[in-house]
Amino acid sequence: MEDVFNWQINRNMKYPYSAAMPEKQFAAVFDINKCIGCQTCSITCKTTWTAGRGQEYMFWNNVESKPYGGYPLYWDSKLLEKIGGGKWNNNTYAGKTIFEKAAEENKSVEGFLPALEDWSYPNMGEDEIYGGSVTQGMHIESLPHPIWFFYLPRICNHCSYPACVAACPRKSVYKRPEDGIVLIDQSRCQGYRQCVAGCPYKKPMYNATTNRSEKCVACYPKTEAGLHTQCMEHCIGKVRIQGWISPPDKADPNNPIDYLVHVKKIAHPLYPQFGTQPNIYYIPPIHVPSPYLTQMFGTGVDAAIKAYKAAPSDTTLKGLLVLFGSCAELMTKFEVKNDIAIGYNSKGDIVAQAPIQEPHVIRDHYDKARDVYRLDVT
Ligand code: SF4
Ligand code: SF4
């Protein structure tokens, strides 16, 4: 085991290989507050990549309903039990990562292989509220809500310390040095499913027809061409923004991902305590109690929600939030000028422009000239 630094848990940790950071790192931010669970992302991914034989149950992109849902079932709660939940000492993780827990038993990764049945019903019957029941005439007037659930969209995190890489005995899984995308070499894979067992997010999936494991490829042909992946581009709720993340000490405030993760700190990784340094970040839902969110996204969720709620008076943040899902091309820089949010690609060309405040006109309820009443006045 090597000693590596994981900035998300603010300490060094053990990992089977030495740190090898790519030239640039694929990353994305998902704003959970806007996800409507429409599954367009799941289907656009499925029709692009997993419509073949042996892939019937595969959803490289899935959307589950928390707190009860999971694809596969119990993927997170089972592992949290194994590593002991998650204890934080201020911003430093005080518990064991999946690599440190495994080392106690001379293994490389702590994990488990889900049962076939656990993959069988993605997002079926999951939309159950937590915290009581809805009664007739009930009004919810405070945050966080006394009752809640939310949608959690998930893809492979293209982790900086991937557990799938650590777990594979044939070294079939690799992280590309040019963009940090994690892939499974189909010609080397022998279908041992160690990556399926080892990935804490359960994102590699086994294809029984080819006897190979497969996973999200970050739509690498599109990403290489400077385009958003299928799931990012087609998101109905404009939940997602994709780009490149810098290490915290090299954060560029003009880079949308760096701004959200490192500068404003409103987007946080999913279960950082697992220790893989995942590169998909989430703006936490504002209506959910803090202890649940802290377990899921680490410390910092309260500050993130406070900053998110203050966005209406923060022109830069508000502008960037408006640019989510606004174009097919990757936006590597952004700025807000004269109340217009502008996104640029890596060549410096403008790829998106939007007013941070939409013009708002309220018409008279009664139109005297036409002698009609309007039902809709905005
Ligand atoms: S999410 Fe899982 S499959 Fe994806 S890179 Fe991380 S450990 Fe590997
Ligand atoms: S397409 Fe967007 S809004 Fe719809 S489920 Fe996926 S992430 Fe949520």
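Residues numbered from 1 in each chain as written. Chains lettered and ligands numbered in written order. Predicted model: local features only at pLDDT ≥ 70, side-chain atom pairs only at ≥ 80, totals over all residues. Heavy atoms only, no water.

Bringing the nonpolar core into the picture now. In this structure, Leu270, Phe274 and Phe297 are the most contacted members of the largest nonpolar core, which totals 73 residues. Sequence-distant contacts of Phe297, defined by excluding residues within four places in its chain, comprise Ile32, Leu152, His268, Pro269, Leu270, Pro272, Tyr282, Pro284 and Pro285. The next biggest cluster of nonpolar side chains, apart from the first, holds 28 residues, and it includes Ala27, Ile283, Ala304 and Ala311. (Core = buried A, V, L, I, M, F, W, Y, C linked by side-chain atoms within 4.5 Å. Buried < 20%, exposed > 50% of the residue type's maximum accessible area, 1.4 Å probe, protein only. Contact = heavy atoms within 4.5 Å.)

This next bit is on the pairing of strand S12 (residues 240–245). Within S12, 6 of the 6 residues are buried, which leaves the element mostly enclosed by the surrounding structure. Where strand S3 (residues 25–31) meets S12, 6 bridges bridge the pair, whose relative direction is antiparallel. Bridge pairing in S12 places Gln25 opposite Ile245. (Helix = DSSP H or I, 4+ residues; strand = E, 2+ residues; numbered from the N terminus. Pairing = 2+ DSSP bridges.)

Next up on the list: the sheet that holds strand S15 (residues 333–337). The strand order across the open sheet formed by 3 strands is S15-S16-S17, and the pairing between neighbours is antiparallel. Bordering the open sheet on either side are S15 and strand S17 (350–355), each of which pairs with just one other strand. In this sheet, adjacent strand axes meet at a mean angle of 15 degrees when their direction is disregarded. Judged from the 5 bridges that link them, strand S16 (residues 340–344) and S17 form a sheet pairing that is antiparallel. When the sheet's bridge partners are listed, Gly343 is paired in S17 with Ala352. In this fold helix H11 (residues 315–323) packs onto S15, S16 and S17, with an angle of close to 120 degrees to the strand it touches most, S15. (Axes fitted to C-alpha atoms, helices over the stretch in contact; angles between N-to-C directions.)

Before going further, it helps to examine helix H1 (residues 40–49). Taken as a whole, H1 has its buried residues at Cys41, Ser42, Thr44, Cys45 and Lys46. Against strand S4 (62–66), helix H7 (230–233) and S12 lie the buried residues of H1.

Quick look at the site of ligand 2 now. Taken together, 14 residues lie near ligand 2, and Cys35, Cys38, Gln39, Cys41 and Cys235 sit nearest. When its residues are assigned to classes, the shell around ligand 2 shows 9 nonpolar, 4 polar and 1 charged. (Near = heavy atom within 4 Å. Nonpolar A, V, L, I, M, F, W, Y, C, P; charged D, E, K, R; others polar.)

Below, the discussion takes up the site of ligand 1. With respect to spatial proximity, the complete set of residues near ligand 1 consists of Cys156, Asn157, His158, Cys159, Pro162, Ala163, Cys164, Val182, Cys199, Tyr201, Pro204 and Lys215. Counted by class, the shell around ligand 1 contains 9 nonpolar, 2 polar and 1 charged residues.

With that out of the way, let us pick up the pairing of S3. Burial within S3 is extensive, with 7 of its 7 residues counted as buried. Covered by surrounding structure in S3 are Gln25, Ala27, Val29 and Asp31 together with Phe26, Ala28 and Phe30, the residues of both alternating faces. In terms of strand pairing, S3 meets strand S14 (residues 280–283) through 4 bridges, oriented parallel. Opposite Phe30, over in S14, you have Tyr282 as the bridge partner.

Omega for the bond connecting Tyr71 with Pro72 falls within 30 degrees of zero, at -5 degrees, which places this linkage in the cis form. Within the secondary structure, Pro72 is located in the loop between S4 and helix H2 (75–83). Cis geometry marks the peptide bond from Leu143 to Pro144, where omega comes out at -10 degrees. Of note, the phi angle at Asn90 is positive, near 55 degrees, even though the residue is not glycine. In this fold, Asn90 is placed in the loop between strand S5 (88–89) and strand S6 (92–93). Judged by relative accessible area, Asn90 falls into the exposed class, the value being 65%. Within the chain, His158 stands out as a residue other than glycine whose phi angle is a positive 40 degrees. Looking at where His158 falls in the secondary structure, it is placed in the loop between strand S7 (150–154) and helix H4 (163–167).

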